[in-house]
Amino acid sequence: VLRSGARPGDAICVTGSLGGAAGGLIALREGLDAPGPARRHLRPEARVEEGVIIARAGATAMIDVSDGLAVDLARVMEASGTGCEVDVGSIPVDEGLVALGDAAAPGELAILGGEDFELLFTISEQALETLHAATTSREVPITRIGTVTDGEAKLGGAALSEWRERGWDHLLNR
């Protein structure tokens with residue numbers, strides 16, 4: 001499954017929860033007691049088995065969330081020549097981030113933090129129904145966060161490009 005196959009009308013989904021690895025880095029740097037995020041940072045789990053299931057179900061585009069949701073979503077939208085509308089409130093935030101207290105903003109970590117290695121994918125509505133039926137008993141949840149459009153790329157009320165500028169790109173010199 002390539003990054004370039006997203007089509008207007010496809011659902012945008014992610015596996016698992018986001019922000020945990022970035023929260024783990026903060027916990028380790030600050031000496032905070034947050035074992036869940038620390039574990040996600042030190043021992044990320046690639047969603048290989050889930051990727052196979054999602055691909056077989058008919059995913060139209062897919063990428064792992066290694067550089068953060070905003071950056072990796074922008075890569076899919078650019079490769080596909082599409083836009084998107086993403087509901088920030090539907091993004092699954094790692095529940096372990098609560099342990100960080102005021103040291104982090106969980107919603108921003110879920111959007112901008114990387115190294116979670118969850119999967120971001122697009123899939124037709126019909127195929128998504130089939131996928132949900134096939135994965136309801138699995139440990140790793142699948143959450144729909146938005147829709148592919150033929151317009152602008154939007155994440156919440158802002159342009160995706162604004163979020164992307166705040167994200168991490170390991171190939172850029174900063």
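Structure: above.
Residues numbered from 1 in each chain as written. Predicted model: local features only at pLDDT ≥ 70, side-chain atom pairs only at ≥ 80, totals over all residues. Heavy atoms only, no water.

Colleague: Mind showing me how you'd approach the sheet that holds strand E1 (residues 11-15) here?
Modeller: Think of a sheet as strands paired side by side through backbone hydrogen bonds, with each pair either parallel or antiparallel. Spatial strand order, E2-E4-E1-E5-E3-E6-E7: seven strands in an open sheet with mixed pairing. The outermost strands of the open sheet, each flanked by one partner alone, are strand E2 (61-65) and strand E7 (158-159). Here five bridges tie E1 to strand E5 (residues 142-149), and the two strands are oriented antiparallel to one another. Within E5, the position partnered with Val 14 by the bridge is Thr 143. Of the strands in this sheet, E1, E2, strand E4 (118-123) and E5 touch helix H3 (residues 48-57), which is tilted by about 0 degrees from E4. On the sheet, helix H4 (residues 69-80) packs against E1, E2, strand E3 (83-86), E4, E5 and strand E6 (153-155) and is oriented at approximately 160 degrees with respect to E2. (Pairing = 2+ DSSP bridges. Helix = DSSP H or I, 4+ residues; strand = E, 2+ residues; numbered from the N terminus. Contact = heavy atoms within 4.5 Å. Axes fitted to C-alpha atoms, helices over the stretch in contact; angles between N-to-C directions.)

Colleague: I keep staring at the nonpolar core and nothing clicks. Help me out?
Modeller: In summary, soluble globular proteins display a tendency toward joint burial of nonpolar side chains. Core analysis: the largest hydrophobic core is formed by 26 residues, its most contacted members being Leu 73, Ile 91, Leu 120 and Leu 155. Elements represented by at least two residues in this core include exactly E1, E2, H4, E3, helix H5 (106-112), E5 and helix H7 (160-166). Per element, the largest residue contribution to this core is six residues, and it comes from H4. Here Ile 91 is in contact with Leu 18, Leu 69, Val 86, Ala 110, Ile 111, Ile 145 and Leu 155, once residues within four sequence places are set aside. (Core = buried A, V, L, I, M, F, W, Y, C linked by side-chain atoms within 4.5 Å. Buried < 20%, exposed > 50% of the residue type's maximum accessible area, 1.4 Å probe, protein only.)

Colleague: Where do I start with the pattern of salt bridges in this structure?
Modeller: Opposite charge on two side chains permits pairing when their charged atoms draw close. Under the defined criterion, the tally for this structure stands at nine salt bridges. For the salt bridge of Arg 75 with Asp 72, the shortest nitrogen-to-oxygen distance reads 2.8 Å. In this pair, Arg 75 and Asp 72 are both assigned in helix H4, three residues apart and thus about one turn of the helix distant. Comparing Arg 75 with Asp 72 shows no difference in burial state: the two are buried. Each member of the salt-bridge network shares a partner with another, and the members are Arg 40, Arg 47, Asp 94, Asp 116 and Glu 118. (Salt bridge = Lys/Arg side-chain N within 4 Å of Asp/Glu carboxyl O.)

Colleague: Looking at this structure, how should I read the pairing of E4?
Modeller: For a regular strand, the rule is simple: side chains alternate between the two faces of the sheet. Burial runs high along E4: six of the six residues are buried. Two strands pair when backbone bridges link them, and E1 and E4 are joined in this way by four bridges, in the antiparallel orientation. Bridging across to E4, Val 14 finds its partner in Leu 120. Two strands pair when backbone bridges link them, and E2 and E4 are joined in this way by five bridges, in the antiparallel orientation. Bridging from a neighbouring strand, Met 62 pairs with Phe 121 of E4.

Everything listed is a geometric property; what it means functionally is a separate question.
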